[in-house]
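Read off the chains here:
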2 protein chains.
Amino acid sequence: MHTPTRKTAEPTVRRLSLYLRYLEAFEQAGRGTISSGELAQSGGTTSAQVRKDLSFFGSFGKRGLGYSTHELTVHIREILGLDRQWRLVIIGAGKIGSAVAGHRGFRDRGFEIVGIFDADPHRVGHALGGVTVSDVRHLETEVKRLRADMAVLAMPAESAPEVATRLAKAGVHAILDFSTAQLEVPSDVTVRSVNLALELEVLSFALVNR
Amino acid sequence: MHTPTRKTAEPTVRRLSLYLRYLEAFEQAGRGTISSGELAQSGGTTSAQVRKDLSFFGSFGKRGLGYSTHELTVHIREILGLDRQWRLVIIGAGKIGSAVAGHRGFRDRGFEIVGIFDADPHRVGHALGGVTVSDVRHLETEVKRLRADMAVLAMPAESAPEVATRLAKAGVHAILDFSTAQLEVPSDVTVRSVNLALELEVLSFALVNR
């Protein structure tokens, strides 16, 4: 299997992820095969792009017959690493942390929230989505004990860089960051940032420039 | 002023937004000027890129002297449309809607939440972040009355496309979408999508391919 560089991977991964949603709906509807044209629609792209995306990870489908819905679903889940369970911790039990903890559908897709941490003693000990909030002081020990793979940073920007460094040292190699901090992590840690204010600014720019 | 196409604009807008954060911190710290090198650091880019980004919107700064922190802050706020107030409505008063409603710092950046809507009668009438939740049935009339510019969709994917269409008809031209729906809106409506499951899948892919 090809390992694309991180830079080229992202848009492809996004499309694979969209194809997968469509495939799952198709499978549920009892459709045995799907064409590259139908998949293209789901990803907002072209048939040629679909064939390119999929051939990149090996050859699926037969010319003229389309793809087997089930086979392709299984393959894409494998490519995306969704054929296994991922163990997630959330740092920050405030509004965003609670929304993430209560997000339906994460577990269905193989993401299990195994720990939640906060620095505020008023939040420690309370349960969020069935998980008791722990003191962030014990982060390293707990993250190792829980065998966490991923972390969601839902905390103020000021303390995010320090926590990211501690998570990386404790063996977490994937971080979804809601703080607006600039994180400095080792190169083997992947960070995805969700910055809500920035998204609104992109919209603001679009409104004044339309 | 140049109006870049929507396609080329996005990465530039993201960088401008990052420069702005850095500039504001610099201004608060009392620094009168800033170099393109310092700005480059904030946007994770090069001095040449900074000069290109800024020259695209007119000429700022003097060679060798750097940029005036205050002037550049004002200019970038203008470019991004942050020199005015934007009126935001949130559709969906569940976990994500509440997190957005409670997000500190939106108002400071000129985004004011003027309305929240939900279809659930148990939520209608309750207050979220100081705003009373209205029945989504009255969306069009209320959106017009409130003179809303932007909407945040924080609702299940099933009902999102219909609501997006109704918002577009009521004159909302910018939508931040947390549902995983495929929205079909007129070409003069800009949609930004935040898909948390998809972000986790990008991380999952990175973990299995590192």
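What you see is a predicted model, and the numbers here were worked out from it, not measured in a lab.

## Focus: the relation of the copies chain B and chain A
Two chain copies, one operation linking them: a rotation about an axis together with a shift along it.
Here comes step 1: Turning chain B through 180° and shifting it by 0.0 Å along the axis lays it on chain A, with an RMSD of 0.1 Å. Put plainly, the chains are arranged around a two-fold axis. Relative to the rotation axis, the closest C-alpha in chain B is found at Ala99(B), a distance of 3.3 Å.
Here comes step 2: In this assembly, 100% of the residues forming the interface of chain B have copies in chain A that are likewise at the interface, indicating an isologous arrangement.

## Focus: helix α8 (residues 196-208) of chain B
Note: α-helices contain 3.6 residues per turn, so residues at a spacing of three or four share the same orientation.
Residues and elements named next belong to chain B.
Here comes step 1: The end-to-end C-alpha distance of α8 is 19 Å, a good match for the 18 Å that 13 residues give at a rise of 1.5 Å each.
Here comes step 2: Counted residue by residue, α8 has 12 buried out of 13 residues, so it is predominantly covered.
Here comes step 3: Buried within α8 we find Leu 196, Ala 197, Leu 198, Glu 199, Leu 200, Glu 201, Val 202, Leu 203, Ser 204, Phe 205, Ala 206 and Leu 207.
Here comes step 4: Measuring from the side-chain oxygen of the N-cap residue of α8 to the backbone nitrogen of Ala 197 gives 3.3 Å; that N-cap residue is Asn 195.

## Regarding the layout of surface pockets
Here comes step 1: Considered as a void within the structure, the second largest pocket measures approximately 1,200 Å³ in volume.
Here comes step 2: At the level of elements, α5 (95-101), β4 (111-118), α7 (160-169) and α8 (196-208) of chain A together with α1 (6-28) of chain B are the ones that each hand at least two residues to the lining of the second largest pocket.
Here comes step 3: Residues of the lining of the second largest pocket, tallied by class, amount to 20 nonpolar, 12 polar and 12 charged.

## Things to note about the interface of chain B and chain A
Here comes step 1: With 58 residues of chain B in contact, the opposing surface of chain A contributes 59 residues.
Here comes step 2: Counting the surface chain B buries against chain A, the share from its top three residues, Leu200(B), Glu201(B) and Phe205(B), is 13%.
Here comes step 3: Linking chain B with chain A are 8 salt bridges, by the criterion used here.
Here comes step 4: The salt bridge involving Glu201(A) is made with Arg21(B); its shortest N-O contact spans 3.3 Å.
Here comes step 5: For the pair chain B and chain A, the number of links is 18 residue pairs in polar contact (both at pLDDT 80 or more).
Here comes step 6: For the side of chain B that touches chain A, the secondary-structure elements that each account for two or more residues are α1, α2 (36-43), β3 (86-91), α5 (95-101), β8 (174-177), β9 (190-193) and α8 of chain B.
Here comes step 7: By residue number, the principal contributor to the side of chain B that touches chain A is α8(B), which donates 13 residues.

## Side note on the sheet that holds strand β5 (residues 127-128) of chain B
Residue and element names in this part refer to chain B.
Here comes step 1: Taken together, the 7 strands give an open sheet; going across it, the order is β5-β6-β4-β3-β7-β8-β9, and neighbouring strands pair in mixed fashion. The open sheet terminates on both sides in strands that have one partner only, identified here as β5 and β9.
Here comes step 2: With 2 bridges connecting them, β5 and strand β6 (residues 131-135) associate as antiparallel partners. Residue pairing in the sheet places Ala 127 in a bridge with Thr 132 of β6.
Here comes step 3: In this fold helix α7 (residues 160-169) packs onto β3, β7 (150-153) and β8, with an angle of close to 175° to the strand it touches most, β7.

## Some remarks on the confidence of the model for chain A
Here comes step 1: Here chain A averages 88 in pLDDT, while 93% of its residues score no lower than 70.
Here comes step 2: Confidence over residues 1-8 of chain A falls short of pLDDT 50; this stretch has 10 contacts with residues more than four positions distant or in other chains.

## Topic: the pairing of β9(B)
Residues and elements named next belong to chain B.
Here comes step 1: Going residue by residue along β9, you find Thr 190 and Arg 192 tucked away on one face and Val 191 and Ser 193 left uncovered on the opposite face.
Here comes step 2: The pairing of β8 with β9 spans 4 bridges and is classified as parallel. Across the sheet, the residue bridging to Asp 177 is Ser 193, located in β9.

Cut-offs applied
- Residues numbered from 1 in each chain as written.
- Chains lettered and ligands numbered in written order.
- Predicted model: local features only at pLDDT ≥ 70, side-chain atom pairs only at ≥ 80, totals over all residues.
- Heavy atoms only, no water.
- Least-squares fit on C-alpha atoms with pLDDT ≥ 70 in both.
- Contact = heavy atoms within 4.5 Å.
- Helix = DSSP H or I, 4+ residues; strand = E, 2+ residues; numbered from the N terminus.
- Expected span 1.5 Å × (residues − 1).
- Buried < 20%, exposed > 50% of the residue type's maximum accessible area, 1.4 Å probe, protein only.
- Polar contact = N/O pair within 3.5 Å; in protein donor to acceptor, adjacent residues only side chain to side chain.
- 1 Å grid on protein atoms, 1.4 Å probe; cavity = no way out; pocket = protein on both sides within 12 Å on 5 of 7 lines; lining within 4 Å.
- Points joined across faces, edges and corners; volume = space filled by probe spheres on them.
- Nonpolar A, V, L, I, M, F, W, Y, C, P; charged D, E, K, R; others polar.
- Buried area = accessible area lost by both parts, 1.4 Å probe.
- Salt bridge = Lys/Arg side-chain N within 4 Å of Asp/Glu carboxyl O.
- Pairing = 2+ DSSP bridges.
- Axes fitted to C-alpha atoms, helices over the stretch in contact; angles between N-to-C directions.
- pLDDT = per-residue confidence, 0-100.

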